[in-house]
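# Results of the structural survey
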Amino acid sequence: MAAAARLVANPYDLGGLQAIGRDDQVLVVGTGLTSADIIATLDRNGHRSRIVALSRHGYRPRSHAVLPGDPIGDFISLPSRSATVMLRRIRATILDAKRRGEDWHPVLDAVRRQGQIIWQALPLDEQRRLVRHLRTLWDVHRFRIAPQVADVLDRRVAEGMLAYRAASIVGAEQVDGRIRVTLRPRRQPTQTTETFDRVVVTTGPAHADIFRTNTAIADLGRMGLVRLDPIGLGLATDSQGRAVSTSGRPTDSIFVSGPLARGSVGELMGIPEVTAHAERIAAEIHQWLGYQTALRRKAS
């Protein structure tokens, strides 16, 4: 079998997933929500061999709370201008919640709801520190899996049929119809090699790589109409949602809505946040169109 057939580059390729045999040893690249869904799907399809889930930190997503609760914590009345101070406040709130019989879920729910104000209160250097040191840890608590999926992962780990690894891929090659992968474990100078029957990529979109993956936005970049935000999360925008050009000035006729704007806005990945942001940008566009219409009428 060709190496391409053993690589499932698109985790939503149902045909590729169904072609994975019951006894195939599988490497899943990525340990986020999509990874969890893929492992649960393979388990449901009768897969009973070894699965290794790989990412730079090796974290697996946390589960949703069994019972919903009201958010706990106020982090915006006096917003922190230090990522370290904010982290301490969140940890202290979690400890206080535990003393009252609550867990971490409602505290992180409060952080999510207040996330945009928290983010915008931080100076640029602190935003960069937060992304560099805490983004992965935030993601595994922010993007949670269903308890049923968590049960599948727990069972497979207990059975020795699922392992989470913190490592980077150095190289890969086809050897005797299988894929041999060279890995560099996190914070270790040595490399290791392992061989798998199948590799499934679940790393998701790379917003910082948008110029390479989206030709339309790449063209706007070459024209100087848009640029990456200084943190590397997507496109730079101003307070009205307009794209910032390479000259540093807003591009009047280009507005950015959704996750690509999160470097400027903050928490902007969940449906409630994306919806609210889209409504705000729609209002900005409506106002801009009204202004343009008034200019044309004045000119005529």
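Let me begin by describing the structure that accompanies this report. (Residues numbered from 1 in each chain as written. Predicted model: local features only at pLDDT ≥ 70, side-chain atom pairs only at ≥ 80, totals over all residues. Heavy atoms only, no water.)

Turning next to the pattern of salt bridges. Under the criterion given, the structure shown has 23 salt bridges. We note a salt bridge from D24 to R198, for which the minimum N-O separation is 3.2 Å. With D24 in the loop between α2 (14–18) and β2 (26–29) and R198 in strand β7 (residues 198–201), this pair connects stretches of sequence that are 174 residues apart. For the pair D24 and R198, one class covers both residues: buried. Between R129 and E126 there is a salt bridge; the shortest N-O distance is 3.0 Å. (Salt bridge = Lys/Arg side-chain N within 4 Å of Asp/Glu carboxyl O. Helix = DSSP H or I, 4+ residues; strand = E, 2+ residues; numbered from the N terminus. Buried < 20%, exposed > 50% of the residue type's maximum accessible area, 1.4 Å probe, protein only.)

With mixed pairing, the seven strands of this open sheet are ordered in space as β1-β7-β2-β3-β4-β5-β6. Of all the strands in the sheet, just β1 (7–8) and β6 (192–196) have a single pairing partner and so form its edges. Strand direction decides the pairing type here: strand β3 (residues 51–55) and strand β4 (residues 162–175), joined by five bridges, are parallel. For S55, the partnering residue across the bridge sits in β4 and is A166. Helix α3 (residues 33–44) rests against β2, β3, β4 and β7 of the sheet, and its axis sits at about 175° to β3. Contacting β3 and β4, helix α8 (residues 147–159) runs over the sheet at an angle of about 75° to β4. (Pairing = 2+ DSSP bridges. Contact = heavy atoms within 4.5 Å. Axes fitted to C-alpha atoms, helices over the stretch in contact; angles between N-to-C directions.)

The next thing to look at is helix α4 (residues 83–99). Relative to the 24 Å expected for 17 residues at 1.5 Å per residue, α4 spans 25 Å between its end C-alpha atoms, a close match to the ideal helical length. For α4, the set of buried residues is A83, M86, I90, T93, I94 and A97. Along α4, the residues classed as buried sweep out an arc of 100° about the axis, all on the same side. Residues of α4 that are exposed and point over 90 degrees away from its buried face: R88, R91 and R99. Contacts made by the buried residues of α4 are with α5 (105–113), α6 (115–121) and α7 (124–142). Its side-chain oxygen placed 3.3 Å from the backbone nitrogen of T84, S82 serves as the N-cap of α4. Phi turns positive, to about 85°, at G101, one or two residues after α4. (Expected span 1.5 Å × (residues − 1). Arc of directions from axis to C-beta. Polar contact = N/O pair within 3.5 Å; in protein donor to acceptor, adjacent residues only side chain to side chain.)

As a further point, take the pairing of β4. Looking at chain direction, β4 and strand β5 (residues 178–185) are connected through eight bridges and run antiparallel. Opposite I169, over in β5, you have L183 as the bridge partner.

Moving on, we get to the nonpolar core. For soluble globular proteins, nonpolar side chains are generally found buried alongside one another. Membership of the largest hydrophobic core comes to 18 residues, with the highest contact counts inside it found for V26, I39, I51 and V200. When contributions to this core are tallied by element, the ones reaching two or more residues are β2, α3, β3 and α8. With five residues, α3 is the single largest residue contributor to this core. Not counting residues up to four positions away in its chain, the partners in contact with I51 are V26, V28, I39, L42, R156, M161, L162 and A163. Core analysis: the second largest hydrophobic core is formed by twelve residues, M86, A97, W104 and L108 among them. (Core = buried A, V, L, I, M, F, W, Y, C linked by side-chain atoms within 4.5 Å.)

This paragraph deals with the packing of α5 against α7. Packing of α5 against α7 leaves a shortest axis separation of 10 Å and a crossing angle of 110°. Classified by the angle their axes make, α5 and α7 are roughly perpendicular. Between α5 and α7 lies a crossing of left-handed hand. Mapping the contact onto sequence places L108, V111 and R112 in α5 and W138, H141 and R142 in α7. Residue classes in the contact of α5 with α7 are distributed as three nonpolar, one polar and two charged. (Parallel < 35°, antiparallel > 145°, perpendicular 65-115°, else oblique. Left-handed = near helix turned anticlockwise from the far one by under 90°. Nonpolar A, V, L, I, M, F, W, Y, C, P; charged D, E, K, R; others polar.)

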